[in-house]
2 protein chains.
Amino acid sequence: MARFCVGIDLGGTFIKCALLDEAMSIRGELSSPTPAEKGPEAVIEAMASGAERLIRQQGLSPQQIAGVGIGSPGPLDLDAGVVIGTPNFANFENVPIRDRLSERLGLPAVLENDANAAALGEYLAGSGAGTRIMVLLTLGTGVGSGIVMDGRVLHGAHGVGGEAGHLIVDPGGEKCGCGQRGCLERYASATYLAGYARRLIERDGRESALAEVLREKGELDGADVNAACRAGDALAAEVWDRAVRFLAIGCVDLCRLFDPDRIVLGGGMAKAGDDLMAPLRRHFLKEHWTLAEPKTALALARLGNRAGVIGAAGTAWESFGG
Amino acid sequence: MARFCVGIDLGGTFIKCALLDEAMSIRGELSSPTPAEKGPEAVIEAMASGAERLIRQQGLSPQQIAGVGIGSPGPLDLDAGVVIGTPNFANFENVPIRDRLSERLGLPAVLENDANAAALGEYLAGSGAGTRIMVLLTLGTGVGSGIVMDGRVLHGAHGVGGEAGHLIVDPGGEKCGCGQRGCLERYASATYLAGYARRLIERDGRESALAEVLREKGELDGADVNAACRAGDALAAEVWDRAVRFLAIGCVDLCRLFDPDRIVLGGGMAKAGDDLMAPLRRHFLKEHWTLAEPKTALALARLGNRAGVIGAAGTAWESFGG
């Protein structure tokens, strides 16, 4: 009877909704601005009305919807379905988002964190399709990650697993926001890449074409470093290569533990495409054991910022589709 | 009808057999020397006759045995049930140990590597009992490991997962036998500990009470370092602390990915008991993120060298008990 699931990706700027059928095919999508400054009730109402609109647009009745999956930034209490707090939303503290949305829609709902939802999205409909075990690394502001094994997202025993961005790849190294030292996230995020280049220029007085970009824009981002790298800038190449090497070490660690079919790279840094993948494969081969050829493929993500909403719907299938 | 499983732990010195009932209680055990120098057929025959003797001793008929699990040193081809080769056994190359034993006993058989079998043993009947997710690290000649999630051993997509001993904890560091640099195994095994102390004494001329031990015995082992440490030797303390710190970093990495209920420490180095656990907990707290208190407990293994045979029987239950 119920043959569809709704995914909702709660982003800082947009709320995305998608309707998936049993074959994980997308039947419809829509997007609306997130009323982030108006508080939890407005945000939940925007999510609910987006879902309702989408269901109506497709000519479906609520009885045909098995459930709703929500992908949200964290930290979250997944078991309780609660957003503990998220810096980009006003007054979002201990919001029982799952149960409130479920009541409002009259449908069962499930909560997942956005990085895990994106990983499940790529697993179901993107670069992870056809794999048994897949890891998604999202190289953006930080390094987000999600690990999917046999169709299920790895949460761990207390809901804090699957955080490959906080693998220690440089013991005693740079301090991370999480309190650890030497986390992968400190070296292989687009944000860090730009910050490190800036530091070498401003603090150490290193010469680089990026100094000019910095003067003009007042800031640098990962794309600037990639562009300077392509133009043959030595400092940019050094910064990029360093980040990619640490990323390769993280990938080797993931192979040793999960032996995945595929590690999928997404987020800002992955927009560099082959400028990321070629050196990553080179470093990966160099750091990888020689007992056997690497069996894990490295691939770019395919779904871009739609991975989250597709994975959110997939989370609903996992919970309510059976 | 079938209500028991047999586990066989194929060790370099002894073949151990155990009979487990459905409640994972051990009903009987026996052990016989491994005819390692006599070739595969003799070894398989010794395994089979051990199993038969145990079944008879318990007054059971083969019809009451659901299956046999074999824990073996590797490398193995688990899917094919084949020992690819193991240095401590004569002529052990591409031995189809699973099928040969199964034919000989007229019972279904399954092959698992010894580290994973030990992990499953601790999970079922030792320090992992009552957990959902458990990691066993065996600190011996190398660092063996096995990861058990919801009762199932993690093998990965190609059978080479769960190798926490080859997490890179010191990028660009010491060369490991596997071809990588900076593996956990290079820093936190009992063998390495002794070798590192020896190097500091012989190569760097460092002073230590261990120099005397080395002169007398001609060699050092992990227990010597632990003993010197207890007696207040500065070099021994430095070597021990360095190993334990790298071990703590490996434990943090495991927490970030698996968020286990418990990480269990076994093998030679774990015989130090609290001399291992107290500094390990201290380093673990220091390296662990501060976003939340550690949720993963660190504990000593309980089953000693019986973990493997119990886990081998558990592997048979997993495959044939249903």
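Residues numbered from 1 in each chain as written. Chains lettered and ligands numbered in written order. Predicted model: local features only at pLDDT ≥ 70, side-chain atom pairs only at ≥ 80, totals over all residues.

Run through the overall build of chain A, naming residues and quoting values.
Counting its regular elements, chain A contains 10 helices and 13 strands. Here chain A has a C-alpha radius of gyration of 20 Å; the compact-globule value for 322 residues is 20 Å, and the two agree. On the principal axes, the C-alpha backbone points of chain A span a range of 60 × 50 × 35 Å. The buried share of chain A, reckoned over its 322 residues, is 56%. (Helix = DSSP H or I, 4+ residues; strand = E, 2+ residues; numbered from the N terminus. Rg over C-alpha atoms; globule rule 2.2 N^0.38 Å. Buried ≥ 20, exposed ≤ 12 C-beta atoms within 10 Å, placed from the backbone.)

Could you give an account of the packing of helix H5 (residues 190-202) of chain A against helix H8 (residues 234-258) of chain A, with specific residues and numbers?
All names here are of chain A. Remark: H5 packs on H8, axes separated minimally by 10 Å, with the N-to-C direction vectors making an angle of 135°. Taken together, the axes of H5 and H8 lie oblique to each other. In this structure, H5 crosses over H8, and the sense of that crossing is right-handed. Together, Leu193, Tyr196, Ala197 and Leu200 of H5 and Leu235, Ala236, Val239, Trp240 and Ala243 of H8 make up the contact between the two elements. A per-class count over the contact of H5 with H8 returns nine nonpolar, no polar and no charged. (Axes fitted to C-alpha atoms, helices over the stretch in contact; angles between N-to-C directions. Parallel < 35°, antiparallel > 145°, perpendicular 65-115°, else oblique. Left-handed = near helix turned anticlockwise from the far one by under 90°. Contact = placed C-beta atoms within 7 Å. Nonpolar A, V, L, I, M, F, W, Y, C, P; charged D, E, K, R; others polar.)

Would you mind going over H8(A) in detail, with residue names and values included?
Residue and element names in this part refer to chain A. Taking 1.5 Å as the rise per residue, H8 with 25 residues should run 36 Å; its terminal C-alpha atoms sit 36 Å apart, in good agreement. Summarising burial for H8: 20 of the 25 residues are buried, a large majority. Phi turns positive, to about 45°, at Asp259, one or two residues after H8. (Expected span 1.5 Å × (residues − 1).)

Describe the interface of chain A and chain B, listing the residues and the values that go with them.
Across the contact, 33 residues belong to chain A and 33 residues belong to chain B. Residue contributions to the side of chain A that touches chain B peak at six residues, all from H8(A).

If you had to explain the sheet that holds strand S3 (residues 26-33) of chain A to someone new, which residues and values would you point to?
Strand pairing within a sheet occurs via backbone hydrogen bonds; the two strands may be parallel or antiparallel. All names here are of chain A. Spatially, the five strands line up as an open sheet ordered S3-S2-S1-S4-S8, and their pairing is mixed. Looking at which strands have only one partner, the edges of the open sheet turn out to be S3 and strand S8 (109-113). The average undirected angle you get between the axes of adjacent strands in this sheet is 20°. Bridge analysis of strand S2 (residues 14-21) against S3 gives seven bridges, and the strand direction is antiparallel. Bridge assignment links Phe14 to a residue of S3, and that residue is Pro33. Packing against the sheet, helix H1 (residues 40-57) makes contact with strand S1 (4-10), S2, S3 and strand S4 (65-72), and its axis sits at approximately 35° to S2. (Pairing = 2+ DSSP bridges.)

Which residues make up the nonpolar core, and what are the values?
Ranked by internal contacts, the top residues of the largest apolar core, which has 230 residues, are Val6(A) and Val6(B). When residues no more than four places from it in sequence are discounted, the contact partners of Val6(A) are Cys17(A), Leu19(A), Ala51(A), Leu54(A), Ile55(A), Ile65(A), Val68(A), Ala313(A) and Ala316(A). (Core = buried A, V, L, I, M, F, W, Y, C linked by C-beta atoms within 7 Å.)

Describe the packing of helix H3 (residues 114-125) of chain B against helix H10 (residues 307-320) of chain B, naming the residues involved and giving the relevant values.
All names here are of chain B. Across the interface, H3 lies against H10 with an axial gap of 6 Å and an inter-helix angle of 85°. Regarding the angle of H3 to H10, the classification is roughly perpendicular. Contact residues: H3 offers Asp114, Ala117, Ala118, Ala119, Leu120, Gly121, Glu122, Leu124 and Ala125, while H10 offers Ala307, Gly308, Ile310, Gly311, Ala312, Gly314 and Thr315. Its residues assigned to classes, the contact of H3 with H10 shows nine nonpolar, five polar and two charged.

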